[in-house]
Amino acid sequence: MTSNPYDEIPYASYAFPLAHIERLAMVGRLLGIPTAPPNSCTVLEIGCANGGNLLPMAVHYPDSRFLGIDLSRKQIEMARSRIEQDGLNQVEVRQQSLTDLQPEDGQFDYVIVHGVYAWVDEDVRGHVLRCCRENLAPNGIAFVSYNTKPGWNSVQSLRDLMLFHLEPMSDPHARSQEARSLLRFLRQALAETDTAYGRFVREECDLLLGQSPRYLAHDHLEDVNQPVYFLEFMEQVRGLQYLADAHLPSMHLANLGTVAARELEACSNLLLREQYMDYLTNRRFRCSLLVHPGHQVLRDLNAIDVSPFNLSADVAFDPSEIDGDEPATMTVGKVQITVTKRCEKTALTLLETEGRMPFVQLVSQVEMMMGARLSESEQGGLMHLMAQLVLADGVQLNYGPKRHQSVVGDRPEMWWYARAEALRDHTVTNLYHRAMQMSQAQCALAQLLDGTHSREELEDAAIALEQAELVALGGESLQEKLKAAELWVATQLEIFARHCYLV
Ligand SMILES: C[S@@+](CC[C@H](N)C(=O)[O-])C[C@H]1O[C@@H](n2cnc3c(N)ncnc32)[C@H](O)[C@@H]1O
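As the structure is a prediction and not an experimental result, all values here were calculated from the model.

### Focus: the pairing of strand 1 (residues 42–46)
Burial analysis of strand 1 places four of its five residues in the buried class, which makes it a mostly covered element. As paired strands, strand 1 and strand 2 (residues 65–70) are joined by five bridges and run parallel to one another. Across the sheet, the residue bridging to Thr42 is Arg65, located in strand 2. Handedness of the crossover joining strand 1 and strand 2 through helix 3 (residues 54–59) is recorded here as right-handed. Where strand 1 lies against strand 4 (residues 108–113), three bridges are found, and the strand directions are parallel. Bridge pairing in strand 4 links Glu45 to Ile112.

This is the structure we're talking about:
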């Protein structure tokens, strides 16, 4: 039996927000599919590795059922031990090939296949799509992500070079090390080459060197890595229809700029239009959502109803732009959005400061701040503005509730799952399924954030971390050292709060 490369070097699998059931449920509902609520649903993740995406998702939903399968015995053992440590009884994982999955294994509200399709051969790819069809509940959503072209055409040349250079080597650890040396060499060799190619290679080397060696070993050095054009992917899909991309703004023509948007608007074939969009953006990764063919999908993105979901603003709206009574034009990406009414400006300020609230709450808070009720037409205008901002990616829509605490308390608490992850690894998931790389010192500090330690105790711990050479606080005298520890702890807590780790 040939060895499994994922047993030799387990994958660095972590939370991927676009592959979260809250996202899938929400995109489905926005487009007219009566998706199952995340708090009472069934989920199948195919190629779940060690559960880096599946487990933090399950934590929030103890009444839903989660099944993860993966071919790699080692990774499934890792997932199983995490499930036991964290008491996640709603999750089952199996070491099994996806090619053996049968309709009898059940029908699931969500089938997630993230980062698998491009890394398996053609026959297995056929099975990925077969499972999406056969194991998907009638109102279910299948998520399939894959490397796509044209973006991967250029990355392919770097992969080719690495494979060419590593050809004589067989040990996967040594190959991954040597690949990193090669990338460092390339970075230096092309440091002063001011051509498009030179810039591209430098950027790509930086990107890859910033990833873990595990990522490089698999995503770039695996025997199979077969990117496909979007239309090629859709040609392989049988018995399911395309719903949307998991990232709706990537389908919004206005985000391409006015010239491209005007031209492509004339193209009524959705799939063809998306393929053209990929050419224009040089897209390299896709997250396609598929549903059963019977559904009537709402195809006009401008008609989506954002009101059932929580709104939050990732971009900071410049208060000088949105204050005052004059109409203000905001630029979000390539989209110009004009805000005229005072209630709209107030809403934007509120979203930025408070965040994560449903539309009705936004309206009532605006009314409170303005001391007047909003008319129906003002509410309609505000709703339209929110939908425009969601599509331009300036405002985020969220299915889940507000979970984080943005003000740091006297005895700060990090959510328990992040603390558990920080004990095992440096990639730690926040309350909204985003992963962040933490330093060893941050992971150590996280262990103390259980809501029982005072700031002084955390600052003492910081000094101990410096003695263990995990952090350099600076400061010569005791007084300076204490000040430096205070500053370091305050900075870390502010980072944890801003990135939504505190409860
Ligand atoms: C690139 S990794 C992606 C892992 C994870 N989904 C993620 O994105 O973090 C590909 C995964 O697919 C799994 N895999 C490959 N062939 C498979 C098969 N035939 N059946 C089940 N899993 C398979 C591998 O073991 C590996 O864990």
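### Thoughts on the nonpolar core
Counting 123 residues, the largest nonpolar core has Val111, Val113, Val128, Cys132, Phe143 and Leu289 as the members making the most contacts within it. Among the elements that line this core, the one with the most residues is helix 16 (residues 376–391), at seven residues. Beyond its immediate chain neighbours, meaning those up to four positions away, Val113 contacts Ile46, Gly47, Val128, Cys132, Phe143 and Val144. With ten residues, the next largest nonpolar core counts Met162, Cys205, Leu208 and Ala217 among its residues.

### Notes on the domain arrangement of the protein
Reports of interface size often rely on the accessible area that becomes lost once the parts have come together. Splitting the protein by domain gives domain 1 (5–149 + 227–252 + 284–291), domain 2 (151–220), domain 3 (302–398) and domain 4 (416–498). For domain 1 versus domain 3, the separation of C-alpha centres amounts to 33 Å. By residue class, the composition of the side of domain 1 that touches domain 3 is four nonpolar, one polar and two charged.

Conventions used here
- Residues numbered from 1 in each chain as written.
- Predicted model: local features only at pLDDT ≥ 70, side-chain atom pairs only at ≥ 80, totals over all residues.
- Buried ≥ 20, exposed ≤ 12 C-beta atoms within 10 Å, placed from the backbone.
- Helix = DSSP H or I, 4+ residues; strand = E, 2+ residues; numbered from the N terminus.
- Pairing = 2+ DSSP bridges.
- Right-handed = clockwise from strand over helix to strand, strands pointing away.
- Core = buried A, V, L, I, M, F, W, Y, C linked by C-beta atoms within 7 Å.
- Contact = placed C-beta atoms within 7 Å.
- Domains from an automatic or database assignment.
- Nonpolar A, V, L, I, M, F, W, Y, C, P; charged D, E, K, R; others polar.

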